[in-house]
Amino acid sequence: MTLLVVHLALTAAYAGFQWAVRIVVYPQFAQVPPAAFAAYERSHQRRVTRVVGPLFAGQGVTTLALLVARPAGTPLLPVLVGAAGLAVVLAVTALLAVPLHRRLDRGWDAAAHRRLLSVDGVRAGAATASTAAAAWALLAT
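Summary of the structure given here. All of these numbers come straight from a predicted model, not from anything done at the bench.

**Looking at the packing of aromatic side chains**
Then, number 1: If you walk through the whole model with that rule in mind, you get seven aromatic pairs.
Then, number 2: An angle of 40° between the planes, with centres 6.1 Å apart, marks the rings of Phe37 and Tyr40 as tilted. Taken as a pair, Phe37 and Tyr40 lie in helix H2 (residues 34–68) at a separation of three residues, close to a single helical turn.
Then, number 3: Its relative accessible area of 32% is what places Tyr40 among the partly exposed residues.
Then, number 4: Three or more aromatic residues link up through ring pairs in this structure, and these residues are Tyr26, Phe29, Phe37, Tyr40 and Trp108.

Set out below in structure tokens:
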């Protein structure tokens, strides 16, 4: 039961963080003066990594633990749905968001910013699905 509670806490923390980034942080990028944007973006990347790194690591550990040693009575389907949600978040981050941030750390690029908002919506949605799956797994146990 403890594993399920910790997993839910981690997925919910990450989903909340991701929605805050999507709704508050990324839209504000457009208000940074172009001459200051590259430095601002690099600072953003350093700071956000301090938050997202432990959340990704924690979710990775709890997801793997649930896949390998699911607590008695915990249904498999929500564990698989949560794992798929985390996989989407990690793939979209690595394959889409990180390259877009690398473009932006060279300077303001309105097209890259629009694309980042779009791909970040996918991450927020997948994170929310992972949280719902974690709640489902806990409540079904």
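After that view, the rundown keeps rolling.
**Some words on helix H4 (residues 110–140)**
Note that an α-helix has 3.6 residues per turn; residues three or four places apart therefore point the same way.
Then, number 1: The end-to-end C-alpha distance of H4, which contains 31 residues, comes to 45 Å, matching closely the 45 Å that a straight helix rising 1.5 Å per residue would cover.
Then, number 2: At the N-terminal boundary of H4, the capping side chain belongs to Asp109, with an oxygen 3.1 Å from the backbone nitrogen of Ala111.

**What to know about helix H3 (residues 76–104)**
Then, number 1: Its 29 residues give H3 an end-to-end C-alpha distance of 40 Å, which sits within 8% of 42 Å, the value for a rise of 1.5 Å per residue.
Then, number 2: Taken as a whole, H3 carries its principal kink of about 45° at Thr93.

**Topic: the pattern of salt bridges**
Then, number 1: As enumerated under the stated definition, the model contains two salt bridges in all.
Then, number 2: Across the salt bridge formed by Arg103 and Asp109, the nearest N and O atoms sit 2.9 Å from each other.
Then, number 3: We classify Arg103 as partly exposed; its relative accessible area is 35%.
Then, number 4: Across the pair Arg123 and Asp120 runs a salt bridge, and its minimum N-O distance is 2.6 Å. On the criterion of helical spacing, the pair formed by Arg123 and Asp120 is a turn pair, its members being three residues apart in helix H4.

**A short note on the packing of helix H1 (residues 2–28) against H2**
Then, number 1: One can describe the packing of H1 onto H2 by two numbers: an axis separation of 9 Å at closest approach and a directional angle of 150°. Viewed along their axes, H1 and H2 adopt a mutual orientation that is roughly antiparallel. Once H1 is placed against H2, the crossing between them reads as left-handed. Mapping the contact onto sequence places Leu3, Leu4, Val6, His7, Leu10, Thr11, Ala13, Tyr14, Phe17, Val25 and Tyr26 in H1 and His44, Val48, Val51, Val52, Leu55, Phe56, Gly58, Gln59, Thr62, Thr63, Ala65 and Leu66 in H2.
Then, number 2: When the residues that make up the contact of H1 with H2 are grouped by side-chain class, the tally is 16 nonpolar, seven polar and no charged.

**A look at the side chain of Thr131**
Then, number 1: Mapped onto the elements of the fold, Thr131 is located in helix H4.
Then, number 2: Here Thr131 falls in the buried class, since its relative accessible area comes to 16%.
Then, number 3: In this structure the side chain of Thr131 is engaged in a polar contact, spanning 3.5 Å, whose partner is the backbone nitrogen of Ala12.
Then, number 4: Once residues lying within four places of it in the same chain are set aside, the contact partners of Thr131 are Leu8, Thr11, Ala12 and Ala15.

**Some remarks on the environment of Ala20**
Then, number 1: Take Ala20: it is sitting in helix H1.
Then, number 2: The partly exposed category is assigned to Ala20, whose relative accessible area is 36%.
Then, number 3: Between the C-alpha atoms of Ala20 and Ala72, which are 52 residues apart in sequence, the distance is 35 Å.

**Focus on the packing of H3 against H4**
Then, number 1: Where H3 meets H4, the closest approach of the two axes is 8 Å, and the angle between their N-to-C directions is 160°. Between H3 and H4, the angle falls in the class roughly antiparallel. In this structure, H3 crosses over H4, and the sense of that crossing is left-handed.
Then, number 2: By residue class, the composition of the contact of H3 with H4 is 21 nonpolar, six polar and three charged.

About the thresholds
- Residues numbered from 1 in each chain as written.
- Predicted model: local features only at pLDDT ≥ 70, side-chain atom pairs only at ≥ 80, totals over all residues.
- Heavy atoms only, no water.
- Phe/Tyr/Trp six-rings, centres within 6.5 Å; stacked < 30°, edge-to-face > 60°.
- Helix = DSSP H or I, 4+ residues; strand = E, 2+ residues; numbered from the N terminus.
- Buried < 20%, exposed > 50% of the residue type's maximum accessible area, 1.4 Å probe, protein only.
- Expected span 1.5 Å × (residues − 1).
- Polar contact = N/O pair within 3.5 Å; in protein donor to acceptor, adjacent residues only side chain to side chain.
- Bend = angle between axes of the 7 residues up to and from the residue.
- Salt bridge = Lys/Arg side-chain N within 4 Å of Asp/Glu carboxyl O.
- Axes fitted to C-alpha atoms, helices over the stretch in contact; angles between N-to-C directions.
- Parallel < 35°, antiparallel > 145°, perpendicular 65-115°, else oblique.
- Left-handed = near helix turned anticlockwise from the far one by under 90°.
- Contact = heavy atoms within 4.5 Å.
- Nonpolar A, V, L, I, M, F, W, Y, C, P; charged D, E, K, R; others polar.

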